[in-house]
Amino acid sequence: MEQNNEGSLAQVRHVVLVLSGKGGVGKSTITTELALALRHAGKKVGILDVDLCGPSIPRMLSVGRPDVHQCDSGWVPVYTDAQKSLALMSIGFLLEDPDEAVVWRGPKKTAMIGQFVSDVAWGELDVLLVDTPPGTSDEHLAVLENLKKHKVDGAILVTTPQAVSTGDVRREITFCKKTGVRILGIVENMSGFVCPHCSECSNIFSKGGGEELAKLTGSVFLGSVPLDPLLSTSIEEGKDFIQSFPDSATFSAISSISQTLLDSLQTA
């Protein structure tokens, strides 16, 4: 197993965890849009979806439920494009019924994550984004345990502006420090609402909670992403927001975050 683990990730240059302290903050949306932004920047990207109970990445990228094939090196990831520049692996591809609930105890989840890490033939990737479930549970420990033979560059923490969300991210920061995971930065999602008619941004919830948390904890603030109906529609329909709306403020925010991430990875 150890040999397979090294082999499956041997050509992966950077591994980045995407974490959130609670559900509903748009972690999978940020993962998806970062992957698309990195791909449009000319990078080969992979997404490992280890949110076993809520695998939403396949729908967000409109890849349906293709069969997962085996090769000599292991499972072949699902590609979103003919150029094979964006690769995915998710339990969503392995369920017979998309509405089937994954009712597993910890050991079975841990074993599944072990397979995802060791048995997927990723090939050559610039960045592998690991979309994790909310919180700090068995899944997170299983990911770190199975990746210990491979360098994990760090984690991106996703929050919304409200204090209840940033409070949960504080615990996520503590988790990273306890497990030795470098914090690459904090992203504040749903930071204001972009009007689809006039493009004015209004602060529906609040603003600045993520940036303030970054200052208080000595973390890098990667940027803010507003609530944008165009982004929501793109995610629902599985369309490439980055390609479709290059003139939007949300595009600029996501592109800036992805470039800051790349710069951080290259100087690590």
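As shown above, the structure is provided for reference.
To keep things clear, this report deals only with the structure shown in the data block. (Residues numbered from 1 in each chain as written. Predicted model: local features only at pLDDT ≥ 70, side-chain atom pairs only at ≥ 80, totals over all residues. Heavy atoms only, no water.)

1. Overview of the pairing of strand S9 (residues 183-194)
- Counting buried residues along S9, 11 of its 12 residues qualify, which places the element largely inside the surrounding structure.
- One ladder, built from 5 bridges, connects strand S8 (residues 154-159) with S9; its direction is parallel. Residue pairing in the sheet places Thr-159 in a bridge with Glu-188 of S9.
- Bridge count between S9 and strand S11 (residues 221-227): 5 bridges; the pairing is parallel. Within the sheet, the bridge partner assigned to Glu-188 lies in S11 and is Ser-224. (Buried < 20%, exposed > 50% of the residue type's maximum accessible area, 1.4 Å probe, protein only. Helix = DSSP H or I, 4+ residues; strand = E, 2+ residues; numbered from the N terminus. Pairing = 2+ DSSP bridges.)

2. Digging into the pairing of S8
- Taken across its 6 residues, S8 has 6 buried, putting it largely inside the fold.
- Alternating residues of S8 divide into Gly-154, Ile-156 and Val-158 and Ala-155, Leu-157 and Thr-159, and every residue in both groups is buried.
- With 5 bridges joining them, strand S1 (residues 12-20) and S8 adopt parallel strand pairing. By the bridge assignment for S8, Val-16 is matched with Gly-154.

3. Quick word on the packing of aromatic side chains
- The full count for this structure, using the stated rule, is 2 aromatic pairs.
- Measuring from ring centre to ring centre gives 5.9 Å for Trp-75 and Phe-116, while their planes differ by 65°; the resulting arrangement is edge-to-face. Of the two residues, Trp-75 is situated in strand S4 (residues 74-75) and Phe-116 in helix H4 (residues 106-119); the sequence distance between them amounts to 41 residues.
- What makes Trp-75 buried here is its relative accessible area of 11%.
- Under the relative-accessibility criterion, Phe-116 is labelled buried at 0%.
- On the basis of an interplanar angle of 35° and a centroid distance of 5.4 Å, the ring pair of Phe-241 and Phe-245 is categorised as tilted. (Phe/Tyr/Trp six-rings, centres within 6.5 Å; stacked < 30°, edge-to-face > 60°.)

4. Re the packing of H4 against helix H5 (residues 138-146)
- Their axes nearest at 9 Å, the elements H4 and H5 cross at an angle of 35°. In the crossing of H4 with H5, the sense of the turn from one axis to the other is right-handed. Together, Gly-106, Lys-109, Thr-110, Ile-113, Gly-114 and Val-117 of H4 and Asp-138, Glu-139, Ala-142, Val-143 and Asn-146 of H5 make up the contact between the two elements.
- Within the contact of H4 with H5, the residues separate by chemical class into 4 nonpolar, 4 polar and 3 charged. (Axes fitted to C-alpha atoms, helices over the stretch in contact; angles between N-to-C directions. Left-handed = near helix turned anticlockwise from the far one by under 90°. Contact = heavy atoms within 4.5 Å. Nonpolar A, V, L, I, M, F, W, Y, C, P; charged D, E, K, R; others polar.)

5. What about the pattern of salt bridges?
- Considering all chains together, one arrives at 12 salt bridges under this definition.
- Here Arg-13 and Glu-124 are joined by a salt bridge, their closest N and O atoms 3.0 Å apart. Taken together, the positions of Arg-13 in strand S1 and Glu-124 in the loop between H4 and strand S7 (125-131) put the pair 111 residues apart, joining distant regions of the chain.
- A relative accessible area of 39% places Glu-124 in the partly exposed class.
- Note that Asp-131 and Lys-27 form a salt bridge whose closest N and O atoms lie 3.0 Å from each other. In this pair, Asp-131 is assigned in strand S7 and Lys-27 in helix H2 (residues 27-40), connecting sequence segments 104 residues apart. The same class applies to Asp-131 as to Lys-27, namely buried.
- In the salt-bridge network here, residues are joined through shared partners; they are Arg-13, Glu-124 and Asp-126. (Salt bridge = Lys/Arg side-chain N within 4 Å of Asp/Glu carboxyl O.)

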